[in-house]
Amino acid sequence: MSSSSESYNTVAIYGVEVNPPCLCRNQPLSKLWKPNNPARRFYNCAKSMISNDNCNFFQWLDPALPKYYKDTLWNMKLRIDDLLVRNGLSC
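Residues numbered from 1 in each chain as written. Predicted model: local features only at pLDDT ≥ 70, side-chain atom pairs only at ≥ 80, totals over all residues. Heavy atoms only, no water.

A.B. asks: Got a minute to help me understand the overall build of the protein chain in this structure?
C.D. replies: On a plain count of helices and strands, the protein chain comes out with 2 helices and 6 strands. Reading the protein chain from its N terminus to its C terminus gives the helix and strand order β-β-β-β-β-α-β-α. Going through the 91 residues of the protein chain one by one, you find that 27% of them count as buried. Sequence-distant contacts in the protein chain: of pairs separated by 6 or more residues, those separated by 24 or more amount to 28%. (Helix = DSSP H or I, 4+ residues; strand = E, 2+ residues; numbered from the N terminus. Buried < 20%, exposed > 50% of the residue type's maximum accessible area, 1.4 Å probe, protein only. Contact = heavy atoms within 4.5 Å.)

A.B. asks: Explanation requested: the environment of tryptophan 33 in the structure shown.
C.D. replies: Tracing the chain through its elements places tryptophan 33 in the loop between β4 (27-32) and β5 (40-44). On the accessibility criterion, tryptophan 33 (34% relative accessible area) is partly exposed. The spatial distance from the C-alpha of tryptophan 33 to the C-alpha of tryptophan 74 is 8.0 Å, given a sequence separation of 41 residues. What tryptophan 33 contacts, discounting residues up to four positions off in sequence, is Pro38, Ala39, Leu73, Trp74 and Lys77.

A.B. asks: Help me out: how do you make sense of the pairing of β5 in this one?
C.D. replies: Taken residue by residue, a regular strand's side chains alternate between the two faces of the sheet. Burial analysis of β5 places 5 of its 5 residues in the buried class, the great majority of the element. Burial along β5 is two-sided: Arg40, Phe42 and Asn44 and Arg41 and Tyr43, pointing in opposite directions, are all buried. Bridge count between β5 and strand β6 (residues 58-60): 3 bridges; the pairing is antiparallel. Within β6, the residue paired with tyrosine 43 across the bridge is glutamine 59. (Pairing = 2+ DSSP bridges.)

A.B. asks: Would you take a moment to explain helix α2 (residues 67-86) for this structure?
C.D. replies: Side chains of residues three or four places apart in an α-helix project in the same direction, reflecting 3.6 residues per turn. Look at α2: 28 Å from first C-alpha to last across 20 residues, which is about the 28 Å you get at 1.5 Å a residue. Once α2 ends, the next one or two residues include glycine 88, with phi positive near 70 degrees. (Expected span 1.5 Å × (residues − 1).)

A.B. asks: Help me out: how do you make sense of the environment of glutamine 59 in this one?
C.D. replies: Residue placement: glutamine 59 occurs in strand β6. Look at glutamine 59 and you get partly exposed, because its relative accessible area is 28%. For the pair glutamine 59 and leucine 29, spaced 30 residues apart in sequence, the C-alpha separation works out to 9.7 Å.

A.B. asks: Where do I start with the pattern of salt bridges in this structure?
C.D. replies: Opposite charge on two side chains permits them to pair, given that their charged atoms come into close proximity. Applying the stated rule across the entire model yields 4 salt bridges. Aspartate 71 is the salt-bridge partner of lysine 67, the closest N and O atoms lying 2.7 Å from each other. Residue lysine 67 and its partner aspartate 71 are both found in helix α2; the two are separated by 4 residues, about one turn of the helix. Using a relative accessible area of 32% as the deciding quantity, one classes aspartate 71 as partly exposed. A salt bridge links aspartate 82 to arginine 86, with the nearest nitrogen and oxygen atoms 2.9 Å apart. Of this pair, aspartate 82 and arginine 86 both sit in helix α2, 4 residues apart, which is roughly one turn of the helix. Exposure remark for aspartate 82: the relative accessible area of 34% places this residue in the partly exposed category. (Salt bridge = Lys/Arg side-chain N within 4 Å of Asp/Glu carboxyl O.)

If you want it as structure tokens, here you go:
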């Protein structure tokens, strides 16, 4: 499985080659931490994130999780964040 800190034009996911159709061919893989999509990865054109380019490419990599799993992941993240703050280790 690919790391979320790298940029890809083509990536193997579950043994299948995926090439998101961004015309700029400049789509970093990112991870979202929001209550409704915890740890869900997505592709987004880097140009649209740093300028006013009209690419606006966006594509989910991971399927949506059922509500129970979303809530569980989000609560675990909140607990970890709280422990980090209590121990002076937060970023």
